[in-house]
Amino acid sequence: MNPVIISTEALKREPRELAQSGSIQSAFTTRTRFQDLPLPARLLLAVPRARGRTPKASIAARYVLDTLGRIIDAGAERQHTIEAVNLLAEILLNSPGRPEQPDGTASQWLSDNENLVLCLLCKIHAGQAEEARNLARHCLAAPSIEPFSKAATALCSAECFRRGGEHVFTPSWRGMPEHNGPLESRSVTLTSDLSLGEAVLLNALRLRKRTLSYVGLGAQVVPLLCHHVALPELQSVVDAVLVESIRYSAQPPAIQCLCCPDISAFEAMFLGTLADFSTGDTQRAQRQLSEWLPSDSVDRLMTRSTEFQAILSQIGTALPNRQWDIRELRARESLHRDCEHFNETPMIH
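Counting from 1, residues in each chain are numbered in the order their sequence is written. This being a predicted model, a pLDDT of at least 70 is required before a residue's local features are given, and a value of 80 or more before pairs of side-chain atoms are given or counted; all residues contribute to the totals for chains, interfaces and linings. Side-chain metrics rest on all non-hydrogen atoms present in the structure, leaving aside hydrogens and water.

Reported here for the second largest pocket is a volume of approximately 480 Å³. The secondary structure listing takes helices from DSSP runs of H or I that are at least 4 residues long and strands from runs of E that are at least 2 residues long, numbered from the N terminus. Among the elements that make up the lining of the second largest pocket, the one with the highest residue count is helix H11 (residues 196–210) (4 residues). A cavity, in this analysis, means grid points on a 1 Å lattice covering only the protein atoms where a 1.4 Å probe fits yet has no way out; a pocket is instead an open set bounded by protein on both sides within 12 Å along at least five of seven lines, and a residue lines either one if it has an atom within 4 Å of a point. Grid points are joined across faces, edges and corners, and a volume is the space filled by probe spheres set on the points.

This is how it looks when you write it as structure tokens:
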């Protein structure tokens, strides 16, 4: 897991050749695996990867794109952030060096253009906007430079990427900020206050529940989401807890729509249990599961605790152990909210 090294001298010596070929392969000294990126960078690049270059995205891809947008930004600046992500995705999708339909093997690696975009974002994130602009002149088509700079500046100020730390776009960086400080330990009621890891898990759960009744589609969307963020095994954790809850819980699990800004009591217990699994606190995980599941269900899930811990560690950032206020969350559930899902700005479709 070595960082990418880009030779700016090579770029300066060969601007014409690079512009003509549409590739910067000669400027890279090593390849980068997609799974070695920090989670925020994977989420960002997952958008153009999920969209693809087909004239119209598939229904499954649309669900995934919608979910990615909610993970990246669930707050008040959501529309602004999505516009920036969409603009960057358009630039990547329309770049001449991107393969038409990369096969499964190729998608494990970053393309030259994806590597370049991360390099530029690193510089902008570090306050080196002018240096990034000069580098972009060598490698991006002239009409794309200004839109890219605008989108990149907006993304670097978005909460998802600011919270990712100094090296949020750096390949092979494993220094994502730790959680469980005073702010991270408190109970929250809104999805916008969740950590990035929690947002991935909650939205994967909501996506699974939303598409559960659609034959065929329901089996595609969560695996597709997990594939595009390089967490292919995550669906097994989500499905295991969800299936036991649907089949054996005394009350149907209250899982909100993807667009709902509120966290339900069940969703909080789901996140709390997975946080316990991720830290290996099996006693606390068992107590949490026993709050809504019979003993047989709890036993089946607990036999997989080691497996769950290994899978959750792949997220790349710790899950905070919150002191959830379940009473408050249940009280808020009684307040009716109209679903605004179809009135919101979509991710690029």
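Moving on, we get to helix H12 (residues 221–228). Burial classes: relative accessible area under 20% of the type maximum marks a residue as buried, over 50% as exposed, and values in between as partly exposed (1.4 Å probe, protein chains only). Among the residues of H12, Val221, Val222, Leu225, Cys226 and His228 are the ones counted as buried. Seen end-on, H12 carries its buried residues on one side only, within an arc spanning 165°. Throughout, a residue-residue contact means that at least one pair of heavy atoms, one from each residue, lies within 4.5 Å. For H12, the secondary structure elements touched by its buried residues are helix H3 (39–51), helix H4 (59–72), H11 and helix H13 (234–248). One or two residues past the end of H12 sits alanine 230, with phi positive at roughly 60°. To be clear, the arc concerns the directions from the helix axis to the C-beta atoms.

Once their charged atoms are close, side chains differing in charge can pair, the charge on each being opposite to the other. Salt bridges are defined by distance alone: a side-chain nitrogen of Lys or Arg within 4 Å of a carboxyl oxygen of Asp or Glu. Enumeration according to the criterion identifies 14 salt bridges in this entry. Across the salt bridge formed by arginine 208 and aspartate 239, the nearest N and O atoms sit 2.7 Å from each other. Placement of the pair is arginine 208 in helix H11 and aspartate 239 in helix H13, with a sequence separation of 31 residues. Per residue, the accessibility class of arginine 208 equals that of aspartate 239, and both read buried.

Any two of the Phe, Tyr and Trp rings considered here, Trp counted by its six-membered ring, make a pair once their centres fall within 6.5 Å; the pair's planes then place it as stacked at under 30 degrees, edge-to-face at over 60, or tilted in between. As enumerated under the stated definition, the model contains 3 aromatic pairs in all. On the basis of an interplanar angle of 85° and a centroid distance of 5.2 Å, the ring pair of phenylalanine 277 and phenylalanine 308 is categorised as edge-to-face. Here phenylalanine 277 is found in helix H14 (residues 265–279), whereas its partner phenylalanine 308 is found in helix H17 (residues 305–313), with 31 residues between them in sequence. You can call phenylalanine 277 buried: its relative accessible area is 2%. The class for phenylalanine 308 is buried, based on a relative accessible area of 0%. Placement of a charge over a ring requires the Lys NZ or Arg CZ to be within 6 Å of the ring centre, with the centre-to-atom vector within 35 degrees of the ring normal. Over the ring of phenylalanine 34 we find arginine 49; its NZ or CZ atom is 4.2 Å from the centre of that ring.

The next subject is the environment of tyrosine 248. Note on placement: tyrosine 248 falls in helix H13. Sequence-wise, tyrosine 248 and leucine 293 are 45 residues apart; in three dimensions their C-alpha atoms are separated by 6.5 Å. Ignoring sequence-local partners within four residues, the contact set of tyrosine 248 consists of Pro294, Ser297 and Arg300.

The contact between H3 and H4 brings their axes to 10 Å, and the two run at 165°. Between H3 and H4, the angle falls in the class roughly antiparallel. Every pair of crossing elements has a handedness; the one defined by H3 and H4 is left-handed. Facing Leu43, Leu44, Ala46, Val47, Ala50 and Arg51 of H3, the residues of H4 in contact are Ala61, Val64, Leu65, Leu68, Ile71 and Ile72. Of the residues that constitute the contact of H3 with H4, the class distribution is 11 nonpolar, no polar and 1 charged. As a rule, the C-alpha atoms of each element are fitted with a line to give its axis, helices using only the stretch in contact, and angles between N-to-C directions run from 0 to 180 degrees. We call two directions roughly parallel when the angle between them is under 35 degrees, roughly antiparallel when it is over 145, roughly perpendicular when it lies between 65 and 115, and oblique otherwise. Helix crossings fall into two classes, left-handed where the near helix is turned counterclockwise from the far one by less than a right angle and right-handed where it is turned clockwise. Classification convention: Asp, Glu, Lys, Arg as charged; Ala, Val, Leu, Ile, Met, Phe, Trp, Tyr, Cys, Pro as nonpolar; all other residues, Gly among them, as polar.

Here we take up the confidence of the model for the protein chain. When pLDDT is averaged along the protein chain, the result is 84, and 81% of the positions lie at 70 or above. By definition, pLDDT measures how confident the predictor is in each residue, and it falls between 0 and 100. Across the protein chain, helix H16 (residues 295–302) holds the top mean pLDDT of 98, while helix H2 (residues 15–21) sits lowest at 38. When the criterion is pLDDT under 50, residues 1–29 qualifies, and its contacts beyond four places in sequence or with other chains add up to 47 contacts. Below pLDDT 50 for its whole length, residues 100–105 participates in 1 contact with residues either more than four positions away or in separate chains.

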